[in-house]
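Read off the chains here:
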Amino acid sequence: EEVTITRMLDKVLKRSDAIDKESLCILAGQRVWHLRLTLHFLADAGNMLDCACLAGIVALRHFRRPEVEVIGEDEVIVVSVLTNLEDRVLTALIA
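What comes next is a walk through the structure. (Residues numbered from 1 in each chain as written. Predicted model: local features only at pLDDT ≥ 70, side-chain atom pairs only at ≥ 80, totals over all residues. Heavy atoms only, no water.)

**A word on the nonpolar core**
Note on soluble globular proteins: their nonpolar side chains tend to be buried together.
Part 1 of the argument: By size, the foremost hydrophobic cluster in this structure holds eight residues: Ile5, Leu9, Leu13, Ala18, Met48, Ala52, Cys53 and Leu60.
Part 2 of the argument: If you list the elements that add at least two residues to this core, you get helix H1 (2–15) and helix H2 (48–62).
Part 3 of the argument: The element that contributes the greatest number of residues to this core is H2, accounting for four residues.
Part 4 of the argument: Setting aside residues no more than four positions away along its own chain, leucine 9 makes contact with Leu37, Leu39, Leu49, Ala52 and Cys53. (Core = buried A, V, L, I, M, F, W, Y, C linked by side-chain atoms within 4.5 Å. Buried < 20%, exposed > 50% of the residue type's maximum accessible area, 1.4 Å probe, protein only. Helix = DSSP H or I, 4+ residues; strand = E, 2+ residues; numbered from the N terminus. Contact = heavy atoms within 4.5 Å.)

As structure tokens, this is what we get:
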């Protein structure tokens, strides 16, 4: 069942417009952002695939790529890093 969910989720997320794949490129042909989506299921009431697809799309739509600066060919510096993440999550949960 895990393999089936993984394959279906992979197919759904690749076909969706949840994230702009072009924006993950840092340096053409050399460096890209790598995203990993990990889902943990606490219970299975028969809707596991639907919940996984929804959670994956929401997580990718919420993702904000940090700004980077490329110096030369070998050095990449992360310019902006998200701060106060806990405050934003708490605000989102309260609202």
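This is not the end of the story, as more comes after the structure.
**Observations concerning the side chain of serine 16**
Part 1 of the argument: Mapped onto the elements, serine 16 comes out in the loop between H1 and strand S1 (25–27).
Part 2 of the argument: Here leucine 13 takes part through its backbone oxygen, which lies 3.1 Å from a polar atom of the side chain of serine 16.
Part 3 of the argument: There is a polar contact of 3.3 Å between the side chain of serine 16 and the backbone nitrogen of alanine 18.
Part 4 of the argument: Contacts of serine 16, omitting those with residues within four sequence positions, involve Lys21 and Ile57. (Polar contact = N/O pair within 3.5 Å; in protein donor to acceptor, adjacent residues only side chain to side chain.)

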